[in-house]
Amino acid sequence: MVNGGLSGDTTFSALGRLKPILAMQTDIFVLELGANDLIRGHSATGVEANLQHIIDQVKQHHPVAPILLLGMELPRWIPGTKAAGYRNIYKRLAAKNNIDLVPFLLDGVAGIPHLNMFDGVHPLAEGYEIIAGNVWNTLKTILEKIDK
């Protein structure tokens, strides 16, 4: 397993680091990006286009590798049309590309104070255990398909 992510990563910064990641042997590609894009003011259309480009490149370089997309949801308190554009990116991409999706990576963790750092955004160890379970449910299904 190779973690290609960086703290504070955006879909825009990840594009610049994609080539060496695509050169690695890949049995399953797990894609989780996008939350930091909103914080940095990137447009939803740009984020979706970047994620689509990453998916396209993975499919081109590793056509038999399943892709697991880890979705993010914005807190309901984030207002405006900019935020609204983010709300269905992951569902659209998963459907369009026929890839597996964990709809909300932070399900059961987001907004729960004792599971997050003082900033209320980044999970603590107990929160990451829940997140691992969220991912495992879908990843296990992918692994079972590969084993057949």
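My aim in this report is to walk through the structure given alongside it, one point at a time.

### A look at the environment of A110
If you trace the backbone, A110 turns up in the loop between β3 (100-102) and α7 (125-147). Judged by its relative accessible area of 40%, A110 is partly exposed. Separated by 17 residues in the primary sequence, A110 and G127 have C-alpha atoms spaced 8.6 Å apart.

### Some remarks on a nonpolar patch on the surface
On the surface, M117, F118 and L124 cluster together to form a nonpolar patch covering roughly 360 Å² of accessible area. Tracing the chain through its elements places M117 in the loop between β3 and α7.

### Notes on the pattern of salt bridges
A side chain with one charge may pair with a side chain of the opposite charge, provided their charged atoms come close. If you walk through the whole model with that rule in mind, you get two salt bridges. Residue R17 pairs with D9 through a salt bridge whose shortest N-O separation is 2.2 Å. Under the relative-accessibility criterion, D9 is labelled buried at 8%. Note that E48 is salt-bridged to R92, the shortest N-O span being 2.6 Å. In this pair, E48 sits in helix α4 (residues 44-61) while R92 sits in helix α6 (residues 89-97), placing the two residues 44 residues apart along the sequence. Under the relative-accessibility criterion, R92 is labelled partly exposed at 39%.

### Examining unusual backbone geometry
Even without a glycine there, the phi angle at N98 is positive, about 55°. Mapped onto the fold, N98 is located in the loop between α6 and β3.

### Details of the nonpolar core
If you look at soluble globular proteins, the nonpolar side chains tend to sit buried side by side. Counting residues in each nonpolar core, the largest one holds 36 residues, and the members touching the most others are L31, L51, I54, L68, Y86 and I89. Of all the secondary-structure elements, those providing two or more residues to this core are α2 (18-22), β1 (29-31), α4, β2 (67-70), α5 (80-86), α6 and α7. Top contributing element to this core by residue count: α4, with six residues. When neighbours within four sequence positions are excluded, Y86 is seen to be in contact with G34, D37, L38, H42, S43, A44, V47 and L74.

### Re the sheet that holds β3
One open sheet accounts for three strands, arranged β1-β2-β3; its pairing is parallel. This sheet does not close on itself; its edge strands, each paired only once, are β1 and β3. Neighbour-to-neighbour, the strand axes of this sheet turn through a mean angle of 20°, independent of strand direction. As paired strands, β1 and β2 are joined by three bridges and run parallel to one another. Each residue of the ladder has a partner; that of L31, found in β2, is L69. Along the sheet, α6 contacts β2 and β3; its crossing angle with β2, the most-contacted strand, is approximately 165°. Lying on the sheet, α7 is in contact with β2 and β3; it crosses β3 at an angle near 165°.

Each value, and the rule that gives it
Residues numbered from 1 in each chain as written. Predicted model: local features only at pLDDT ≥ 70, side-chain atom pairs only at ≥ 80, totals over all residues. Heavy atoms only, no water. Helix = DSSP H or I, 4+ residues; strand = E, 2+ residues; numbered from the N terminus. Buried < 20%, exposed > 50% of the residue type's maximum accessible area, 1.4 Å probe, protein only. Patch = residues over 30% accessible without salt bridge, like charges linked within 9 Å, V, L, I, M, F, W, Y side chains within 5 Å. Areas by Shrake-Rupley, 256 points an atom, 1.4 Å probe, with all protein chains shown as cover. Salt bridge = Lys/Arg side-chain N within 4 Å of Asp/Glu carboxyl O. Core = buried A, V, L, I, M, F, W, Y, C linked by side-chain atoms within 4.5 Å. Contact = heavy atoms within 4.5 Å. Pairing = 2+ DSSP bridges. Axes fitted to C-alpha atoms, helices over the stretch in contact; angles between N-to-C directions.

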